[in-house]
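Each chain, written out:
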Amino acid sequence: MSLAACVYEVKERMAGAAKRAGRDPGEITIVAVTKGVDVGRIREAIAAGLSICGESRVQEAMPKLSVLHHAASWHFIGHLQKNKVKYIAGKVDLIHSVDSIDLCEEISLRAQKRGIIQNILLEVNISGEEEKFGVLPSEVADRVKTMVRIKGVSLKGMMAIPPFSEDPEQSRPYFRRLRELRDEIVRTGISPPDFRELSMGMSNDFEVGVEEGATLVRIGTAIFGQRG
Ligand SMILES: *Cc1c(COP(=O)(O)O)cnc(C)c1O
């Protein structure tokens, strides 16, 4: 299948999932995950109607950002180390993977130096797996309270990666839990007014993500095929 056909199919499946859940597909943003994809293919994807790209590794993101920063909006979705924040803060429209107050404060510092506000999401370890990044669900309220007071960053919502499974239905309870967490946080009034984004769902489970309330889905393989 051509890249344009893959993009078309992903959009169709996304719209189908939105419809099943009684949602407006316009509320959901596809982040095209471009790790392992060269600049030429990324340009093709942009031409095929994708306007937001996501990178998960700083070293790989930097050269692509410098060439394509005008061609698309960029998100950073991978684990971010404090010493790499300087390469990312202010260069991307959203960082999905803020998993500690320490990291948030480093982003704040860089953003303030550059005179910008960096949009961020709080990464939640929704399954509580030992090897996963993110704050535990029980810590979320406390972290949100702290992060809203940090200058130079704007907390827009949360991101989570459930345990991998071939069966997308296995992701559903985790996605649902993240949505419920957001709703709880909003209800308690501790979050900023536009705390609404839920970044959840990848190639294998994005339709379930959308059914459970995702506002951002991060899709690589279903668009670009299997990469090395
Ligand atoms: C690679 C990656 C994705 C995309 O995964 P696919 O299965 O290729 O769609 C999404 N989110 C993160 C954080 C990733 O690293």
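Points about the pairing of strand S5 (residues 118-123)
Each regular strand displays side chains that alternate between the two surfaces of the sheet.
Point 1. Burial analysis of S5 places five of its six residues in the buried class, the great majority of the element.
Point 2. As paired strands, strand S4 (residues 94-98) and S5 are joined by two bridges and run parallel to one another. If you follow Ile95 over to S5, its bridge partner there is Ile120.
Point 3. In this fold, the crossover linking S4 to S5 by way of helix H5 (residues 101-114) has right-handed handedness.

As for the layout of surface pockets
Point 1. Considered as a void within the structure, the largest pocket measures approximately 500 Å³ in volume.
Point 2. Looking at the largest pocket, it is lined by 19 residues, and the ones nearest its centre are Val33, Lys35, Met202, Thr221 and Arg227.
Point 3. The class makeup of the residues in the lining of the largest pocket is six nonpolar, nine polar and four charged.

Section: the site of the ligand
Point 1. Inspection of the region around the ligand gives Val33, Lys35, Ser56, Ile77, Ile161, Met202, Ser203, Arg218, Ile219, Gly220, Thr221 and Arg227 as its neighbouring residues.
Point 2. The contact in question runs from an oxygen atom of the ligand to an N or O atom on the side chain of Ser203, over 2.5 Å.
Point 3. A distance of 2.8 Å separates an oxygen atom of the ligand from a polar backbone atom of Gly220.
Point 4. Against a free-state accessible area of 390 Å², the protein chains account for coverage of 84% of the ligand.
Point 5. Comparing atom positions with the cavity grids shows the ligand to sit within the largest pocket.
Point 6. Per-class residue counts for the shell around the ligand are five nonpolar, four polar and three charged.

Here's the deal with helix H7 (residues 172-188)
Point 1. Given a rise of 1.5 Å per residue, 17 residues ought to cover 24 Å, and the 24 Å separating the end C-alpha atoms of H7 matches this to within 8%.
Point 2. Of the residues making up H7, those classed as buried are Arg172, Phe175, Leu178, Leu181, Arg182 and Ile185.
Point 3. Buried residues along H7 sit in contact with helix H6 (140-147), strand S6 (153-159), strand S7 (197-199) and helix H8 (206-211).
Point 4. Gly189 lies just past H7 and shows a positive phi near 80 degrees.

A few points about helix H1 (residues 3-20)
What sets the pattern is the α-helix's 3.6 residues per turn: residues three or four places apart point alike.
Point 1. Compared with an ideal rise of 1.5 Å per residue, which puts 18 residues at 26 Å, H1 spans 26 Å between its outermost C-alpha atoms and is within 8% of the ideal.
Point 2. Looking at the buried residues of H1, the elements they touch are strand S1 (29-33), helix H2 (39-47), H8, strand S8 (216-219) and helix H9 (221-224).
Point 3. Of the residues trailing H1, Gly22 is marked for its positive phi of about 70 degrees.

Analysis parameters
Position labels on residues start from 1 in each chain and follow its written sequence. Local features in a predicted model are, by the rule used here, given only for residues with pLDDT of at least 70; side-chain atom pairs are given and counted only at 80 or more, and totals for whole chains, interfaces and linings are based on all residues. Think of the side-chain values as coming from all heavy atoms in the structure, minus any hydrogens and water. A simple rule labels every residue: compare its accessible area, found with a 1.4 Å probe on the protein chains alone, to the largest value its type can have, and call it buried under 20%, exposed over 50%, or partly exposed in between. Put simply, DSSP marks the helices as runs of H or I at least four residues long and the strands as runs of E at least two long, and each gets a number from the N terminus on. Strand pairing is assigned whenever DSSP identifies at least 2 bridges connecting the two strands. Looking down the strands as they point away from the viewer, one classifies a crossover as right-handed if the path from the first strand across the helix to the second runs clockwise. Space inside and on the surface of the protein is sampled on a 1 Å grid over the protein atoms alone, with a cavity defined as a set of points where a 1.4 Å probe fits but cannot get out and a pocket as an open set with protein on both sides within 12 Å along at least 5 of 7 lines; lining residues have an atom within 4 Å of a point. Grid points are joined across faces, edges and corners, and a volume is the space filled by probe spheres set on the points. Each residue receives one of three labels: charged for Asp, Glu, Lys and Arg, nonpolar for Ala, Val, Leu, Ile, Met, Phe, Trp, Tyr, Cys and Pro, and polar for the others, Gly being one of them. In this text, near means that some heavy atom of the residue lies within 4 Å of the molecule or strand in question. Think of a polar contact as two N or O atoms within 3.5 Å of one another; within protein, one of them needs to be a possible hydrogen donor and the other a possible acceptor, and neighboring residues in sequence only count if both atoms come from side chains. Calculation of accessible area relied on Shrake-Rupley with a 1.4 Å probe; when residues are assessed, cover is drawn exclusively from the protein chains displayed. Here the criterion for a molecule occupying a pocket or cavity is that more than half of its atoms lie within 2 Å of the pocket grid points. A helix's residues, less one, multiplied by 1.5 Å, set its expected span. For this analysis, residues touch if any pair of their heavy atoms sits within 4.5 Å.

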